[in-house]
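# A closer look at the structure
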Amino acid sequence: MTVHDLNGARGAARVGIGGPVGSGKTALLEALLPCLLARGVNVAVITNDLVTHEDAERLRRSGIIAPERVLAVEAGACPHTVIREDPTLNIEAADRLDRSFPGLELILIESGGDNLASTFSLDLVDYWLFVIDVAGGDDIPRKRGPGVLRCDVLVINKTDLAPHVGVDLDRMFAEARAVRDGRIVVGTSCRHGRGVETVADLLCHDVLFRDMSHPDVPIRDAAAELTRAETS
Amino acid sequence: MTSSGGDDGREGAHSYGGAAGPEALAPLRVVAILGDRAEAGWHRRLHAIEHAGAVEIVEVPAADLRRHRFRARSMCGREVIVDLPRDVFLFDGAVLYAEPDLALVLRVEAEIWLRLHPLDAAAALELGYHAGNLHWRVRFDGDDLLVAAETKAADYLARVAPLLDEGRVRHVG
Ligand SMILES: Nc1nc2c(ncn2[C@@H]2O[C@H](COP(=O)(O)OP(=O)(O)OP(=O)(O)O)[C@@H](O)[C@H]2O)c(=O)[nH]1
Ligand SMILES: [Mg+2]
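Only a predicted model underlies this, so the values are computations on that prediction, with no experimental measurement involved.

### Topic: the coordination of the magnesium ion (ligand 2)
Note on metal sites: the ideal angle is 109.5 degrees for four tetrahedral donors, and 90 or 180 degrees for six octahedral donors. Residue and element names in this part refer to chain A. The coordination sphere of the magnesium ion (ligand 2) contains the protein donors Thr 26 (OG1), Asp 55 (OD) and Glu 110 (OE), at a distance range of 2.1 to 2.2 Å. The sequence pattern describing where the donors of the magnesium ion (ligand 2) fall on their chain is T-x28-D-x54-E. One end of the pair, Thr 26, is in helix α1 (residues 25-38); the other, Asp 55, is in helix α2 (residues 54-62), with 29 residues separating them in the sequence. Both residues of the pair, Thr 26 and Asp 55, count as buried.

### Concerning the site of ligand 1
Residue and element names in this part refer to chain A. Taken together, 19 residues lie around ligand 1, and Lys 25, Thr 26, Ala 27, Arg 58 and Asp 160 are the ones closest in. In this structure, an oxygen atom belonging to ligand 1 sits 2.9 Å away from a main-chain N or O atom of Gly 24. When the free accessible area of ligand 1 is taken as 650 Å², the share hidden by the protein chains comes to 77%. Going through the elements one at a time, α1 and α2 are the ones with two or more residues in the shell around ligand 1. Residue contributions to the shell around ligand 1 peak at 3 residues, all from α1. For the shell around ligand 1, a count of residues per class yields 5 nonpolar, 7 polar and 7 charged.

### Focus: helix α8 (residues 196-206) of chain A
Within α8(A), 10 of the 11 residues are buried, which leaves it mostly tucked inside the rest of the structure. All of the buried residues in α8(A) are A:Val196, A:Thr198, A:Val199, A:Ala200, A:Asp201, A:Leu202, A:Leu203, A:Cys204, A:His205 and A:Asp206.

### Re the UniProt feature "binding site: GTP" (unreviewed entry) in chain A
Residues and elements named next belong to chain A. Here the UniProt-annotated "binding site: GTP" (unreviewed entry) positions come out as Gly 19, Pro 20, Val 21, Gly 22, Ser 23, Gly 24, Lys 25 and Thr 26. Its location among the elements puts Gly 24 in the loop between β1 (13-18) and α1. Discounting residues that sit within four places of it in the chain, Gly 24 has contacts with Val 131, Asn 157 and Cys 190. What Lys 25 contacts, discounting residues up to four positions off in sequence, is Ile 17, Gly 18, Gly 19, Pro 20, Glu 110, Ser 111, Gly 112, Gly 113 and Val 131.

### A short note on the packing of α1(A) against α2(A)
All names here are of chain A. Contact geometry for α1 and α2: axes closest at 11 Å, N-to-C directions at 25°. By the angle between their directions, the pair α1 and α2 is classed as roughly parallel. The two elements α1 and α2 cross, and the hand of that crossing is right-handed. Here α1 contributes Thr 26, Ala 27, Leu 29, Glu 30 and Leu 33 to the contact with α2, which in turn contributes Asp 55, Arg 58 and Leu 59.

### With respect to the packing of aromatic side chains
If you walk through the whole model with that rule in mind, you get 3 aromatic pairs over all chains. With a centroid separation of 5.8 Å and an interplanar angle of 50°, the aromatic rings of A:Phe120 and A:Trp128 are classed as tilted. Here A:Phe120 matches A:Trp128 in class, with each residue buried. Where B:Trp136 meets B:Tyr156, the ring centres are 5.4 Å apart and the plane angle is 50°; that geometry is what we call tilted. Residue B:Trp136 is located in the loop between α2 (121-133) and β9 (138-141), and its partner B:Tyr156 is located in helix α3 (residues 153-159); the two are separated by 20 residues in the primary sequence.

### Examining helix α1 (residues 40-51) of chain B
All names here are of chain B. Helix length check: α1, at 12 residues, gives a terminal C-alpha distance of 17 Å against a target of 16 Å (1.5 Å per residue), a fit within 8%. Among all positions of α1, only Trp 42, Leu 46 and Ile 49 are buried. Down the axis of α1, the buried set is contained in an arc of 55°. They therefore lie on one face. Facing away from the buried surface of α1 by more than 90 degrees, the exposed residues are Ala 40, Arg 44 and His 51.

### Points about unusual backbone geometry
Residue A:Arg144 is not a glycine yet carries a positive backbone phi of 55°. Along the chain, A:Arg144 falls in the loop between β5 (127-133) and α5 (146-150).

Conventions and cut-offs
Residues numbered from 1 in each chain as written. Chains lettered and ligands numbered in written order. Predicted model: local features only at pLDDT ≥ 70, side-chain atom pairs only at ≥ 80, totals over all residues. Heavy atoms only, no water. Donors = N, O, S within 2.8 Å, 3.2 Å for Na, K, Ca; no water. Helix = DSSP H or I, 4+ residues; strand = E, 2+ residues; numbered from the N terminus. Buried < 20%, exposed > 50% of the residue type's maximum accessible area, 1.4 Å probe, protein only. Near = heavy atom within 4 Å. Polar contact = N/O pair within 3.5 Å; in protein donor to acceptor, adjacent residues only side chain to side chain. Areas by Shrake-Rupley, 256 points an atom, 1.4 Å probe, with all protein chains shown as cover. Nonpolar A, V, L, I, M, F, W, Y, C, P; charged D, E, K, R; others polar. UniProt positions renumbered as here; feature names shortened; annotations may be inferred. Contact = heavy atoms within 4.5 Å. Axes fitted to C-alpha atoms, helices over the stretch in contact; angles between N-to-C directions. Parallel < 35°, antiparallel > 145°, perpendicular 65-115°, else oblique. Left-handed = near helix turned anticlockwise from the far one by under 90°. Phe/Tyr/Trp six-rings, centres within 6.5 Å; stacked < 30°, edge-to-face > 60°. Expected span 1.5 Å × (residues − 1). Arc of directions from axis to C-beta.

Structure follows, in structure tokens:
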């Protein structure tokens, strides 16, 4: 089969969501999918868990998305291998989704929870987010993990927890921007749906090439506004 | 995959957000690679367009060559939306658009390679171990190890700081 059999010529955009265990990757999916569906984006999901289908089942049960649009890939012992060294299983799952759902525009691929070194192969995805969280400590960006440095969008989740874990959000965001040479950093509280529209804006703009939900606001500034709001 | 006819790579007169001011050039959406600037036929054709001062270069980092979908800007500031099929890969000199009044050609930004010189075999073994463990992209050149710097050079040098500090490996360029 050639890619030309996939949804006309291109197939759906493929976007990775990586990050450490428990940072909120599935929570981001749960918050993001309704935003994307409300914008009419034709979307499907692949989850990677070590030896279970836990996250896939959680999404299927959520009622947010049709259960058949969620595929699970078992990563075995090594979550980064299936997104970086040998992403064959994930590529096959994505091809399957492209074949099953004509008109599919976006496939979100959640990596199994890993460490700060995990990165996505561009053979698998067009674009990838890396999710860290406030409760992991405000020194995480300073540790310069390849995931933090190289992702297209760094998401700092659980901003609601900052006061409880004694994290200085301003400093955390400033340091994250500094290690990323100013590339985009978005604050979210997936638990409360905060910041998630900005992530949806970025996907719509950067890989779906759609107009933004708020066309008057330049996208880069919108993200900066949000992180300022989150940190104030 | 290349083709020189049919699909001209421009799709409609979309107007995208984030344009660079009132005189912004019309954005272009690239959906195919038309050819290779190095091929004689394309070389001639581009030469003719160049006379009209209408060849725009789109520079991308080497690390982005494997991407199929992204937004870029030509060196004239035109927004370029790259939206290629999965089996089509960008390369240095790829012709993205070609009409008598405008051509777009891709150029790969010069890569930065760090040259590291281990002083003896023991240092070389250790440096090689770290490079593998850190998944660095490397080349060998005589007694030196070349490391592709996809982020800041300091990010790479910091990882082998003990070797550098002890003088067992020298950063020679
Ligand atoms: N307070 C708070 N809790 C959150 C937020 N986002 C996620 N959580 C909680 O953090 C825990 C882990 O969230 P998950 O979404 O399962 O994290 P994950 O990154 O998918 O985890 P793995 O897939 O196991 O690596 C859950 O208990 C979530 O409810 C947030 O924004 N605020
Ligand atoms: Mg999860």
